[in-house]
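A look at the structure
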Amino acid sequence: MALRGLGRRISIGKRCFSSASEVEKRPRDGKQINLFSAINQALHIALETDSRAYVFGEDVGFGGVFRCTTGLADRFGRNRVFNTPLCEQGIAGFAIGLAAMGNRAIAEIQFADYIYPAFDQIVNEAAKFRYRSGNQFNCGGLTIRSPYGAVGHGGHYHSQSPEAFFCHVPGLKVVIPRSPQQAKGLLLACIRDPNPVVFFEPKWLYRLAVEEVPERDYMLPLSQAEVIRQGSDITLVGWGAQLSVLERACDEAAKDGISCELIDLRTLIPWDKETVEASVRKTGRLLVSHEAPVTGGFGAEISASIAERCFLRVLDAIKATVNY
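The rules behind the values
Residues numbered from 1 in each chain as written. Predicted model: local features only at pLDDT ≥ 70, side-chain atom pairs only at ≥ 80, totals over all residues. Heavy atoms only, no water. Phe/Tyr/Trp six-rings, centres within 6.5 Å; stacked < 30°, edge-to-face > 60°. Helix = DSSP H or I, 4+ residues; strand = E, 2+ residues; numbered from the N terminus. Buried < 20%, exposed > 50% of the residue type's maximum accessible area, 1.4 Å probe, protein only. Lys NZ or Arg CZ within 6 Å of the ring centre and 35° of its normal. Salt bridge = Lys/Arg side-chain N within 4 Å of Asp/Glu carboxyl O. Pairing = 2+ DSSP bridges. Axes fitted to C-alpha atoms, helices over the stretch in contact; angles between N-to-C directions. Contact = heavy atoms within 4.5 Å.

1. What about the packing of aromatic side chains?
Inspection of every chain in the model, using the stated rule, returns 14 aromatic pairs. Between Phe119 and Phe166 the ring centres are 5.4 Å apart and the planes differ by 55°, which places this aromatic pair in the tilted class. In this pair, Phe119 is assigned in helix 4 (residues 119-126) and Phe166 in helix 6 (residues 163-167), connecting sequence segments 47 residues apart. Look at Phe166 and Phe200: their rings are 6.0 Å apart centre to centre, the planes differ by 50°, and that puts the pair in the tilted class. Taken as a pair, Phe166 in helix 6 and Phe200 in strand 10 (residues 197-202) lie far apart in primary sequence, 34 residues in all. Phe200 shares its class with Phe166; the two are buried. Taken together, the ring pairs connect Tyr116, Phe119, Tyr148, Phe165, Phe166 and Phe200 into an aromatic cluster. The residue whose ring lies beneath Arg132 is Phe129, and the NZ or CZ to ring-centre distance is 5.5 Å.

What follows is the structure, given as structure tokens:
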């Protein structure tokens, strides 16, 4: 991998995109692995460092359809890594109860498209557990993992990006990584966070995204966006697999003399408004891109918030553009 700009380049087939990270500031001690292997490493560490951690879901006992849980049951036993029935509502309900008893419940929903049967458990139980008990009880040890997004052949039941549904719910955190290195550090942070977290994994990148990932235990901060490319003319914001699309857009824009600042939001709720605001105040322009449907998408929330905070700065940029 060649160094470029602020970050390392991740290979995705014949494409690459930047992966600047706090991890790079430390001595390198990793190997080249793909995203599903990075997830697997994080789960190994979570189970090894906390005897209260459990991994469960449909087919996770033999490694799961994307192999993210390979080897976990053999190493940690069937009592801590086990299959569940085909019942997403039951998986979420069991996970909430397990977490409420002080455990680390790491539940897998096999595809994000099938998380909807668990919607009531997640938004009406997990998200409100602490509030409705006056902070006497909580299920903060709950992490729900699920692969999201299109891969080109998944059809309408294996291609959805439902993150916006959960961003509307107080009491949840929603996190989406863009690369193997990010996935490992963010997942470990989610598992150890004292709040329930929905962690969506870009399945398009499971095998295509490859980079050097430290083998050690490390975490990356939640609710902290990352500027992975500095620019002066326009701010681009995205998350997950869409960062590779935005990186290519930055490269194309650069050919026309347009300097793009690229931000990976990483955590959608609670999102880092300050970093995005600071960038837009510098550039005067904002473009948000996501894979999910436009109507009701989380990009609208970002646009509305930044318009409220940076209206006059954006207006000045528009005036300058049209020679007002």
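Past the structure itself, the notes keep going.
2. So, the pattern of salt bridges
Scanning the entire structure with this criterion turns up 19 salt bridges. Of the charged contacts, one joins Lys173 and Asp193 as a salt bridge, the two residues approaching to 3.1 Å between their closest N and O atoms. Highlighted residues: Lys173 in strand 9 (residues 173-175) and Asp193 in the loop between helix 7 (180-192) and strand 10, separated in sequence by 20 residues. Accessibility assignment for this pair places Lys173 and Asp193 in one class, buried. Arg309 is the partner of Glu277 in a salt bridge, and the nearest nitrogen-oxygen pair spans 2.7 Å. Of the two residues, Glu277 is situated in helix 9 (residues 273-283) and Arg309 in helix 10 (residues 298-321); the sequence distance between them amounts to 32 residues. For Glu277, a relative accessible area of 16% puts it in the buried group. Its relative accessible area of 31% is what places Arg309 among the partly exposed residues.

3. Comments concerning the sheet that holds strand 12 (residues 226-229)
Spatially, four strands are ordered 12-14-13-16 in an open sheet, and the strand pairing comes out mixed. Each of the sheet's edge strands pairs with one partner strand only, and the pair in question is strand 12 and strand 16 (286-288). On average, each strand axis in the sheet is inclined to that of its neighbour by 30°, with strand direction left out of account. Looking at chain direction, strand 13 (residues 234-238) and strand 14 (residues 260-264) are connected through five bridges and run parallel. Considered in strand 14, the bridge of Thr235 is made with Glu261. Packed on one face of the sheet, helix 8 (residues 242-255) meets strand 12, strand 13, strand 14 and strand 16 and runs near 175° to strand 14.

4. Concerning the pairing of strand 7 (residues 104-108)
Strand 7 sits mainly inside the fold: five of its five residues count as buried. By the alternation rule, side chains of strand 7 split into Arg104, Ile106 and Glu108 and Ala105 and Ala107, which are all buried. As paired elements, strand 5 (residues 53-57) and strand 7 share five bridges and run parallel to each other. Across the sheet, residue Val55 finds its bridge partner in strand 7, namely Ile106.

Purely geometric numbers; function is a separate question.
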